[in-house]
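So the chains spell out like this:
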Amino acid sequence: MFPVYLTEGYRSFLQDRFPTERRRFAQLASSQNPEILIISCCDSRVSPSAIFNAGPGELFTIRNVANIVPVYQPDGQYHGTSAALEFAVQALEVKHIVVLGHATCGGIKAYANKAKPLSPGDFIGKWVSLVGQAESKAGDPSAPDYLTQLEYAVVKQSLENLMTFPFVKERVDDGRTQLHGAHFGVATGSLLVCDPKTGEFKPPLDTAGLAVRSVAAIACD
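Residues numbered from 1 in each chain as written. Predicted model: local features only at pLDDT ≥ 70, side-chain atom pairs only at ≥ 80, totals over all residues. Heavy atoms only, no water.

The name recorded for the protein chain in an unreviewed UniProt entry is Carbonic anhydrase, from Methylobacterium mesophilicum SR1.6/6. Within the UniProt record for the protein chain, the comment given under Sequence similarities (unreviewed entry) is "Belongs to the beta-class carbonic anhydrase family." UniProt's Catalytic activity (unreviewed entry) comment on the protein chain is quoted here verbatim: "hydrogencarbonate + H(+) = CO2 + H2O". (UniProt positions renumbered as here; feature names shortened; annotations may be inferred.)

With that settled, consider the packing of aromatic side chains. Summed over the entire model, instances satisfying the criterion amount to 8 aromatic pairs. Centroid distance Phe60 to Phe87: 5.8 Å. Interplanar angle 45 degrees. Geometry classified as tilted. In this pair, Phe60 sits in strand 2 (residues 59-64) while Phe87 sits in helix 4 (residues 80-91), placing the two residues 27 residues apart along the sequence. When its relative accessible area of 15% is taken as the criterion, Phe60 is described as buried. Overall, the relative accessible area of 37% leaves Phe87 in the partly exposed class. By way of ring pairs, the aromatic residues Tyr10, Phe13, Phe18 and Phe25 are connected into one cluster. (Phe/Tyr/Trp six-rings, centres within 6.5 Å; stacked < 30°, edge-to-face > 60°. Helix = DSSP H or I, 4+ residues; strand = E, 2+ residues; numbered from the N terminus. Buried < 20%, exposed > 50% of the residue type's maximum accessible area, 1.4 Å probe, protein only.)

Attention now moves to the nonpolar core. Counting 22 residues, the largest nonpolar core has Leu37, Leu85, Ile97, Leu162 and Val168 as the members making the most contacts within it. Those elements that provide at least two residues to this core are strand 1 (36-41), strand 2, helix 4, strand 3 (96-102), helix 7 (146-162), helix 8 (166-173) and strand 5 (191-195). With 4 residues, the top contributor of residues to this core is helix 7. Core analysis: the next-biggest nonpolar cluster, separate from the first, contains 13 residues, Ala138, Tyr146, Ala153 and Val154 among them. (Core = buried A, V, L, I, M, F, W, Y, C linked by side-chain atoms within 4.5 Å.)

Here we take up the pairing of strand 1. Most of strand 1 sits out of view: 5 of its 6 residues are buried. In this sheet, strand 3 lies alongside strand 1 in parallel orientation, the contact comprising 5 bridges. Residue pairing in the sheet places Ile39 in a bridge with Val99 of strand 3. (Pairing = 2+ DSSP bridges.)

Next up on the list: the pattern of salt bridges. This model, assessed by the stated rule, comprises 11 salt bridges. Glu160 is paired through a salt bridge with Lys137; the nearest N and O atoms lie 3.7 Å apart. In this pair, Glu160 sits in helix 7 while Lys137 sits in the loop between helix 6 (123-128) and helix 7, placing the two residues 23 residues apart along the sequence. When its relative accessible area of 37% is taken as the criterion, Glu160 is described as partly exposed. Since its relative accessible area comes to 23%, Lys137 is described here as partly exposed. Salt-bridge contacts for Lys202 lead to Asp195; the nearest nitrogen and oxygen are separated by 3.1 Å. Given the relative accessible area of 17%, Asp195 is considered buried. Salt bridges sharing partners connect three or more residues here, namely Arg17, Glu21, Arg24 and Glu58. (Salt bridge = Lys/Arg side-chain N within 4 Å of Asp/Glu carboxyl O.)

For the rest of this paragraph, the subject is the environment of Glu21. Position of Glu21 among the secondary structure elements: in the loop between helix 1 (4-20) and helix 2 (22-28). By relative accessible area, Glu21 is classed as buried at 15%. Placed 137 residues apart in sequence, Glu21 and Ser158 show a C-alpha to C-alpha distance of 35 Å.

This brings us to the UniProt feature "binding site: Zn(2+)" (unreviewed entry) in the protein chain. Listed under "binding site: Zn(2+)" (unreviewed entry) in the UniProt record, and renumbered for this structure, are Cys41, Asp43, His102 and Cys105. Of the residues just listed, which span 65 residues, no C-alpha pair is farther apart than 9.0 Å, and they cluster in one region. On the basis of relative accessibility, which here comes to 4%, the residue Cys41 falls in the buried class. Cys41 has contacts with Val46, Arg63, Asn64, Val65, Ala66, Asn67, Leu100, His102 and Cys105, leaving out every residue within four places of it along the chain. Counting through the fold element by element, His102 comes out in strand 3. A relative accessible area of 1% places His102 in the buried class. (Contact = heavy atoms within 4.5 Å.)

Laid out in C-alpha coordinates, this is it:
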(Lines give C-alpha, C1' and ligand atoms only; values in the text may rest on other atoms or scores of the structure.)
Protein backbone atom coordinates (compact mmCIF):
# COMPACT_ATOMS: atom_id res chain seq x y z
CA MET A 1 0.00 0.00 0.00
CA PHE A 2 1.21 3.49 -0.86
CA PRO A 3 2.22 5.30 2.38
CA VAL A 4 -0.75 7.01 4.02
CA TYR A 5 1.50 9.89 5.06
CA LEU A 6 2.22 10.65 1.40
CA THR A 7 -1.41 10.30 0.36
CA GLU A 8 -2.51 12.73 3.05
CA GLY A 9 0.30 15.10 2.17
CA TYR A 10 -0.73 15.07 -1.47
CA ARG A 11 -4.35 15.72 -0.53
CA SER A 12 -3.21 18.77 1.45
CA PHE A 13 -1.09 19.90 -1.51
CA LEU A 14 -4.05 19.67 -3.88
CA GLN A 15 -6.37 21.51 -1.55
CA ASP A 16 -4.09 24.24 -0.19
CA ARG A 17 -0.91 24.83 -2.17
CA PHE A 18 -1.62 23.84 -5.74
CA PRO A 19 -4.57 26.20 -6.25
CA THR A 20 -2.46 29.20 -5.24
CA GLU A 21 0.49 28.16 -7.42
CA ARG A 22 -1.36 26.69 -10.38
CA ARG A 23 0.01 29.31 -12.78
CA ARG A 24 3.58 28.63 -11.70
CA PHE A 25 3.19 24.88 -12.19
CA ALA A 26 1.65 25.46 -15.62
CA GLN A 27 4.69 27.50 -16.62
CA LEU A 28 7.09 24.92 -15.19
CA ALA A 29 5.42 22.17 -17.18
CA SER A 30 7.08 23.43 -20.36
CA SER A 31 10.48 24.54 -19.00
CA GLN A 32 12.59 25.20 -15.93
CA ASN A 33 15.06 28.01 -15.42
CA PRO A 34 16.60 27.82 -11.93
CA GLU A 35 19.61 30.07 -11.35
CA ILE A 36 20.92 28.13 -8.36
CA LEU A 37 22.23 24.59 -8.04
CA ILE A 38 22.38 23.15 -4.51
CA ILE A 39 24.57 20.10 -3.89
CA SER A 40 23.50 18.74 -0.51
CA CYS A 41 23.40 15.59 1.57
CA CYS A 42 20.47 13.21 1.10
CA ASP A 43 19.93 13.31 4.89
CA SER A 44 16.19 13.66 5.56
CA ARG A 45 16.87 16.49 8.04
CA VAL A 46 18.45 18.72 5.42
CA SER A 47 15.92 19.99 2.88
CA PRO A 48 17.32 22.80 0.70
CA SER A 49 13.84 23.95 -0.32
CA ALA A 50 12.82 24.28 3.33
CA ILE A 51 16.08 25.89 4.49
CA PHE A 52 15.99 28.53 1.75
CA ASN A 53 12.20 28.86 1.60
CA ALA A 54 12.28 28.07 -2.12
CA GLY A 55 9.29 27.37 -4.32
CA PRO A 56 8.90 24.95 -7.24
CA GLY A 57 11.38 25.57 -10.05
CA GLU A 58 13.65 27.87 -8.03
CA LEU A 59 16.40 25.42 -7.04
CA PHE A 60 18.02 22.59 -8.97
CA THR A 61 19.16 20.10 -6.35
CA ILE A 62 21.67 17.26 -6.35
CA ARG A 63 21.58 15.12 -3.21
CA ASN A 64 23.95 12.34 -2.25
CA VAL A 65 25.55 10.88 0.88
CA ALA A 66 27.73 13.57 2.54
CA ASN A 67 27.25 16.21 -0.20
CA ILE A 68 30.36 15.00 -2.03
CA VAL A 69 31.45 16.24 -5.44
CA PRO A 70 33.89 13.74 -6.96
CA VAL A 71 36.66 14.82 -9.27
CA TYR A 72 36.00 14.97 -13.01
CA GLN A 73 36.34 11.41 -14.29
CA PRO A 74 35.28 10.89 -17.94
CA ASP A 75 35.82 7.12 -17.85
CA GLY A 76 32.59 6.00 -19.49
CA GLN A 77 31.14 4.70 -16.22
CA TYR A 78 27.95 5.75 -14.44
CA HIS A 79 28.30 9.00 -12.49
CA GLY A 80 25.00 10.30 -11.12
CA THR A 81 26.34 13.41 -9.41
CA SER A 82 28.51 14.36 -12.38
CA ALA A 83 25.60 13.80 -14.78
CA ALA A 84 23.30 16.08 -12.81
CA LEU A 85 26.06 18.67 -12.50
CA GLU A 86 26.62 18.56 -16.25
CA PHE A 87 22.91 19.14 -16.90
CA ALA A 88 22.65 22.00 -14.41
CA VAL A 89 25.68 23.81 -15.82
CA GLN A 90 25.50 23.01 -19.52
CA ALA A 91 21.75 22.87 -20.13
CA LEU A 92 20.27 25.07 -17.40
CA GLU A 93 23.26 27.42 -17.19
CA VAL A 94 22.94 27.99 -13.46
CA LYS A 95 24.59 31.13 -12.13
CA HIS A 96 25.41 29.80 -8.67
CA ILE A 97 26.53 26.42 -7.34
CA VAL A 98 26.23 25.93 -3.58
CA VAL A 99 27.76 22.96 -1.76
CA LEU A 100 25.68 22.62 1.40
CA GLY A 101 27.15 20.57 4.24
CA HIS A 102 25.42 19.98 7.54
CA ALA A 103 25.96 19.12 11.20
CA THR A 104 25.93 15.51 12.43
CA CYS A 105 26.42 14.12 8.93
CA GLY A 106 26.10 10.33 9.09
CA GLY A 107 28.18 9.71 5.97
CA ILE A 108 31.13 11.69 7.27
CA LYS A 109 30.80 10.05 10.68
CA ALA A 110 30.79 6.61 9.01
CA TYR A 111 34.05 7.44 7.25
CA ALA A 112 35.71 8.83 10.37
CA ASN A 113 34.63 5.86 12.51
CA LYS A 114 35.47 3.27 9.83
CA ALA A 115 31.95 1.87 9.96
CA LYS A 116 31.35 -1.72 8.89
CA PRO A 117 29.73 -2.30 5.46
CA LEU A 118 25.94 -2.35 5.44
CA SER A 119 25.86 -4.87 2.59
CA PRO A 120 28.31 -7.00 0.59
CA GLY A 121 28.41 -4.25 -2.03
CA ASP A 122 29.50 -1.65 0.55
CA PHE A 123 28.17 1.13 -1.66
CA ILE A 124 28.22 3.72 1.12
CA GLY A 125 31.72 2.76 2.22
CA LYS A 126 33.11 3.13 -1.27
CA TRP A 127 31.35 6.45 -1.80
CA VAL A 128 32.38 8.05 1.50
CA SER A 129 35.97 6.94 0.96
CA LEU A 130 36.08 10.15 -1.10
CA VAL A 131 35.97 12.00 2.24
CA GLY A 132 39.62 10.98 2.54
CA GLN A 133 40.54 13.71 0.07
CA ALA A 134 39.53 16.28 2.69
CA GLU A 135 41.03 14.60 5.75
CA SER A 136 44.20 16.66 5.82
CA LYS A 137 42.15 19.88 5.96
CA ALA A 138 40.22 18.84 9.07
CA GLY A 139 42.99 19.11 11.66
CA ASP A 140 43.59 16.87 14.67
CA PRO A 141 41.43 13.71 14.61
CA SER A 142 41.45 13.65 18.41
CA ALA A 143 39.99 17.15 18.72
CA PRO A 144 36.47 17.34 20.23
CA ASP A 145 35.13 19.13 17.15
CA TYR A 146 36.90 16.95 14.61
CA LEU A 147 33.73 15.66 12.93
CA THR A 148 32.49 19.22 12.50
CA GLN A 149 35.82 20.28 11.06
CA LEU A 150 35.67 17.32 8.68
CA GLU A 151 32.20 18.44 7.56
CA TYR A 152 33.61 21.86 6.72
CA ALA A 153 36.61 20.28 5.00
CA VAL A 154 34.39 18.14 2.77
CA VAL A 155 32.51 21.26 1.64
CA LYS A 156 35.80 22.91 0.73
CA GLN A 157 37.09 19.78 -1.03
CA SER A 158 33.90 19.55 -3.06
CA LEU A 159 34.35 23.17 -4.15
CA GLU A 160 37.87 22.32 -5.29
CA ASN A 161 36.64 19.22 -7.11
CA LEU A 162 34.04 21.28 -8.95
CA MET A 163 36.87 23.16 -10.61
CA THR A 164 38.22 19.91 -12.10
CA PHE A 165 35.17 19.85 -14.40
CA PRO A 166 36.18 21.80 -17.53
CA PHE A 167 32.67 23.14 -18.14
CA VAL A 168 32.46 24.42 -14.55
CA LYS A 169 35.92 25.97 -14.58
CA GLU A 170 35.23 27.76 -17.86
CA ARG A 171 32.08 29.39 -16.50
CA VAL A 172 33.67 30.29 -13.17
CA ASP A 173 36.71 31.79 -14.87
CA ASP A 174 34.62 34.03 -17.12
CA GLY A 175 32.24 35.04 -14.33
CA ARG A 176 29.08 33.33 -15.53
CA THR A 177 28.92 31.01 -12.52
CA GLN A 178 29.93 31.47 -8.89
CA LEU A 179 30.78 28.73 -6.37
CA HIS A 180 29.74 28.87 -2.72
CA GLY A 181 30.20 26.71 0.37
CA ALA A 182 27.74 26.55 3.26
CA HIS A 183 26.97 24.52 6.37
CA PHE A 184 23.59 24.04 8.07
CA GLY A 185 23.15 23.40 11.79
CA VAL A 186 20.31 20.92 12.10
CA ALA A 187 19.64 21.57 15.81
CA THR A 188 20.19 25.32 15.75
CA GLY A 189 18.92 26.30 12.30
CA SER A 190 22.12 28.28 11.79
CA LEU A 191 23.59 28.75 8.33
CA LEU A 192 27.29 29.42 7.90
CA VAL A 193 28.70 30.52 4.56
CA CYS A 194 32.35 30.20 3.60
CA ASP A 195 33.80 33.63 2.90
CA PRO A 196 36.12 33.23 -0.12
CA LYS A 197 38.24 36.20 1.01
CA THR A 198 38.81 35.34 4.65
CA GLY A 199 38.45 31.57 4.51
CA GLU A 200 35.91 31.52 7.34
CA PHE A 201 32.49 29.99 7.73
CA LYS A 202 30.25 32.68 9.18
CA PRO A 203 26.61 33.81 9.08
CA PRO A 204 25.52 35.60 5.89
CA LEU A 205 25.41 39.37 6.25
CA ASP A 206 21.68 39.54 5.73
CA THR A 207 21.04 37.35 8.77
CA ALA A 208 23.28 39.36 11.11
CA GLY A 209 20.28 40.64 13.06
CA LEU A 210 18.66 37.24 13.58
CA ALA A 211 19.20 34.64 16.27
CA VAL A 212 21.99 32.96 14.33
CA ARG A 213 24.20 36.02 14.91
CA SER A 214 25.38 34.35 18.13
CA VAL A 215 27.10 31.59 16.17
CA ALA A 216 30.84 32.23 16.21
CA ALA A 217 32.72 32.39 12.93
CA ILE A 218 34.53 29.13 12.31
CA ALA A 219 37.68 28.74 10.25
CA CYS A 220 37.11 27.14 6.86
CA ASP A 221 40.68 25.90 6.60
